[in-house]
Amino acid sequence: MLETLISFALATFILAISPGPDNIFVLTQSAARGSRIGIAIASGLISGCIVHTSFVALGFAVIIRDNEWLLYTIKIAGAIYLIYLAFKVYQTDAFISLESQTSKGNWWKMYRTGVTMNLLNPKVTLFYLALLPQFIIQNDIPEWIQVYILGGVFMLVSLIVFYAVALLAGAVASFIKSSKWFTSVMKWTQIIVFIGIAIFIFVN
């Protein structure tokens, strides 16, 4: 089992550092609003994985996969939510105040955004359904417990990578304070990322 977990952790690390909607979102938000906000979003994204792991462990993921209308409905909801977030960014001033972004209330708001984005992306459930069973082995540990163990490893490794991304991207926060052109660029980068992820979820 230990060798399997090590192999799975390595596979997870490679996936986590590969460019994708989640780490790109953490990167852009951290660069635009500071590492604390990036950590909040990363925490929310990973928290949502608990639900996806449970779907796989309890068999609900198969129901989502085999019901096209349900999958389509979740996709639409996710795309609409992301477009809504893009619109909210569009309505804001291009100038970003890092002090206001790092308040406790705003941290929880961005945490909830991460959770919602994750839960409204059915691709995460389908990804788990395709990946986790490949690392389940025949032993005395029930399969559903192995799914939770693998899900925990996936979340831990991904969280470490996402936190690292948030901290590195947040290092430019001091530069943002004194650069109006950069904050304007980051505003439109956020909008593009939101819309891009929405399209990615909906068309694939």
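Higher on the page you've got the structure.
First, a word on what this report is: a plain description of the structure on this page. (Residues numbered from 1 in each chain as written. Predicted model: local features only at pLDDT ≥ 70, side-chain atom pairs only at ≥ 80, totals over all residues. Heavy atoms only, no water.)

1. Side note on a nonpolar patch on the surface
- The grouping of L58, F60, I141, W144, I145, Y148 and I149 at the surface amounts to a nonpolar patch, some 610 Å² of accessible area in total.
- When residues of the nonpolar patch are assigned to their parent elements, the largest contribution, four residues, is made by helix α9 (residues 143–170).
- Along the chain, the position of L58 falls in helix α3 (residues 35–58). (Patch = residues over 30% accessible without salt bridge, like charges linked within 9 Å, V, L, I, M, F, W, Y side chains within 5 Å. Areas by Shrake-Rupley, 256 points an atom, 1.4 Å probe, with all protein chains shown as cover. Salt bridge = Lys/Arg side-chain N within 4 Å of Asp/Glu carboxyl O. Helix = DSSP H or I, 4+ residues; strand = E, 2+ residues; numbered from the N terminus.)

2. A short note on the packing of helix α8 (residues 122–131) against α9
- Taken N-terminus to C-terminus, the directions of α8 and α9 make an angle of 120°; their axes are 11 Å apart at the nearest point. One way to sum up the angle between α8 and α9 is to call them oblique. As for how α8 packs across α9, the hand of that crossing is right-handed. Touching F127, Y128 and L131 of α8 are G151, F154 and M155, all from α9.
- Tallied by class, residues from the contact of α8 with α9 come to five nonpolar, one polar and no charged. (Axes fitted to C-alpha atoms, helices over the stretch in contact; angles between N-to-C directions. Parallel < 35°, antiparallel > 145°, perpendicular 65-115°, else oblique. Left-handed = near helix turned anticlockwise from the far one by under 90°. Contact = heavy atoms within 4.5 Å. Nonpolar A, V, L, I, M, F, W, Y, C, P; charged D, E, K, R; others polar.)

Read these as layout, nothing more, since geometry by itself doesn't imply function.
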